[in-house]
Amino acid sequence: MDRPRALVVHPPLSVARDFIDYPYFSDLGAVQCAASLRAAGCDVALVDAFALAGSGLAWRPDGRARLGATVDETLAACAGDFDVAVVAHTPFHRPPRRDDLLAAVCDGLRARLPGAPLVLADLYQSGQHYVDAPGARVLAAYPACDAYVQYEGEATVAALALAARRERPRGAYRGEEPPSLDALPPPAWDLVDLDAYARFHARVVAGLGRGAWAFPLDGRTLPMVTSRGCPFTCAHCSSNPGRAPGAPKTQRRLSPARLRADLEALARTHGATRVEVLDELVNVNERHWEAFLDAAESLDLRFDVPNGMRADYLSADHLRRMRGRVATVSVSAESGVQRVVTEVVGKRLDLAEI
């Protein structure tokens, strides 16, 4: 039997003028999903609205900015016959409400692929804020879609795609965690037009018109995550979504060997000149953090850690090794008042360490 044909779409999105996080990297989940579907046995096409000829930033009449290509250009790139289509649903689509850009993409795909199951998936990767909304409500907002997969979706989306010809998925599904991060294939950046992606980032920088960037988008800047989750319990953080009430928060990490291989692929295969490490807390584990620094040094690679690091886990040697490689050292103090850090934020951090 021939291989199932799967389409993965990362749609354009709109953001407020003073957005949080790094919406121009929200496609990482879709790129990872494409790799997982391919590894599971599907023939995969990836349409990334951030990496098409017209991808950029445009201000809308409502004051929000559209990031990515237009809906029409995105849909035009989805030509072909597919057994299943997977559409990324990011926190920037503001679940569970119906987002106009995402809805237009889903409706357009339904018209183009009337017989194919259409799966909406949030493709949680860690690293950006997460909006935890009931799956049934999200699915109700997008009636063109047959199913919704919540949380880490690689294994569940792959299972639905492989079964799509004989069983149409319906309803909300809870995504299963992969057995380990090493079990996942590296993100499928080979399916992305990286020159167009770099042009998109340059247009975002120009369109926002900010005077300075603490974490620059320059050259070919590619995102990655080396871990998922965070063991700490700061009040403002949305990490580890979907865990059972009372269950401890955890962090899962790539092995040192896999971490080195992924960084080497970004730098040497895909030509990254800077890597944005989107981990919620990259230096929880000293062995993991030093393995990352070892790889970055050997590859002579620039990187940034926009979500910040634990100041009390950074040694003078770590700072020395970061010098000249990072634009900004962020240590996420949260407040300059110890009482606020301890009693309000719930962060176990002695400000004197900073």
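Preceding block: the structure.
Now for a description of the structure that goes with this document. Just so you know, these numbers come straight off a predicted model, no measurement behind them.

Quick word on the pairing of strand β7 (residues 118–121)
Here β7 shows two buried faces, one formed by Leu 118 and Leu 120 and the other by Val 119 and Ala 121. One ladder, built from four bridges, connects strand β6 (residues 84–88) with β7; its direction is parallel. Residue pairing for β7: Val 86 is matched across the bridge by Val 119. Tracing the backbone out of β6, into helix α3 (residues 100–112) and back to the parallel element β7 gives a crossover that is right-handed.

Some thoughts on the packing of helix α1 (residues 28–40) against helix α5 (residues 154–163)
Contact geometry for α1 and α5: axes closest at 9 Å, N-to-C directions at 50°. The angle between α1 and α5 falls in the class oblique. Like other packed secondary-structure pairs, α1 and α5 cross with a definite hand, here right-handed. In this structure, α1 uses Gln 32, Cys 33, Ser 36, Leu 37 and Ala 40 to contact α5, whose residues at the interface are Glu 154, Val 157, Ala 158, Ala 161 and Leu 162. Each residue belonging to the contact of α1 with α5 can be placed in one class, and the counts come to seven nonpolar, two polar and one charged.

Details of the packing of helix α7 (residues 256–269) against helix α8 (residues 286–299)
For the pair α7 and α8, the least separation of the axes is 9 Å and the interaxial angle reads 30°. As far as their axial angle goes, α8 and α7 are roughly parallel. Read as a crossing pair, α7 and α8 show a hand that is right-handed. Between α7 and α8, the contacting residues are Pro 256, Leu 259, Arg 260, Leu 263, Glu 264, Ala 267 and Arg 268 on the first element and Arg 287, His 288, Ala 291, Phe 292, Ala 295, Ala 296, Ser 298 and Leu 299 on the second. Looking at the contact of α7 with α8 residue by residue, the classes come out as nine nonpolar, two polar and four charged.

Overview of the packing of aromatic side chains
Here a ring pair, both rings aromatic, is described through the centre-centre distance and the interplanar angle of the planes. Following the criterion strictly, the structure yields twelve aromatic pairs and no others. Between Phe 19 and Tyr 24, the ring centres sit 6.3 Å apart and the planes meet at 80°, which makes this aromatic pair edge-to-face. For the residue pair Phe 19 and Tyr 24, the accessibility class agrees, reading buried in each case. With a centroid separation of 4.5 Å and 15° between ring planes, the pair formed by Phe 50 and Phe 200 is classed as stacked. With Phe 50 in the loop between β3 (43–48) and β4 (56–59) and Phe 200 in helix α6 (residues 194–208), this pair connects stretches of sequence that are 150 residues apart. Residue class for Phe 200 comes out buried when judged on its relative accessible area of 0%. Here a set of aromatic residues connected by ring pairs shows up, and it is made of Phe 19, Tyr 24, Phe 25 and Trp 213. The ring of Trp 213 carries Arg 210 above its face, with NZ or CZ at 5.6 Å from the centroid. The ring of Tyr 313 has Arg 310 sitting right over it, with the charged end atom 5.3 Å from the ring centre.

Some remarks on the side chain of His 270
As for its placement among the helices and strands, His 270 is situated in the loop between α7 and β13 (274–277). Ignoring sequence-local partners within four residues, the contact set of His 270 consists of Trp 189, Asp 190, Leu 194, Arg 220, Leu 222 and Ala 265.

Rules used in this analysis
Along each chain, the written sequence defines residue order, and numbers are assigned to residues from 1. Owing to the predicted nature of the model, reporting of local features is limited to residues with pLDDT of at least 70; listing and counting of side-chain atom pairs is limited to 80 or more, with chain, interface and lining totals taken over all residues. Where side-chain values are given, they derive from all heavy atoms of the structure, hydrogens and water being excluded. For each residue, the accessible area found with a 1.4 Å probe, counting protein chains only, is set against the maximum for its type, and the residue is called buried under 20%, exposed over 50%, and partly exposed in between. The way it works is that DSSP assigns letters per residue, a run of H or I at least four long becomes a helix, a run of E at least two long becomes a strand, and they are numbered from the N terminus. A pair of strands is treated as paired once DSSP finds two or more bridges between them. If you view a crossover with the strands going away from you and the path from the first strand over the helix to the second runs clockwise, you call it right-handed. To obtain an axis, a line is fitted to C-alpha atoms, over the contacting stretch when the element is a helix, and the angle between two such axes runs from 0 to 180 degrees between their N-to-C directions. Here the word oblique covers every angle except those under 35 degrees (roughly parallel), over 145 (roughly antiparallel) and from 65 to 115 (roughly perpendicular). For any helix crossing, the convention is left-handed if the near helix is rotated counterclockwise from the far helix by under a right angle, and right-handed if that rotation is clockwise. The contact criterion used throughout is that any non-hydrogen atoms of two residues lie within 4.5 Å. In this classification, Asp, Glu, Lys and Arg are treated as charged, Ala, Val, Leu, Ile, Met, Phe, Trp, Tyr, Cys and Pro as nonpolar, and every other residue, Gly included, as polar. Centre distance within 6.5 Å is the pairing criterion for rings of Phe, Tyr and Trp, where only the six-membered ring of Trp is used; planes under 30 degrees apart are then read as stacked, over 60 as edge-to-face, and the remainder as tilted. Think of it as a cone above the ring: NZ of Lys or CZ of Arg counts as a charge over the ring if it is within 6 Å of the ring centre and within 35 degrees of the ring normal.

Function cannot be read off these values alone, since they describe shape.
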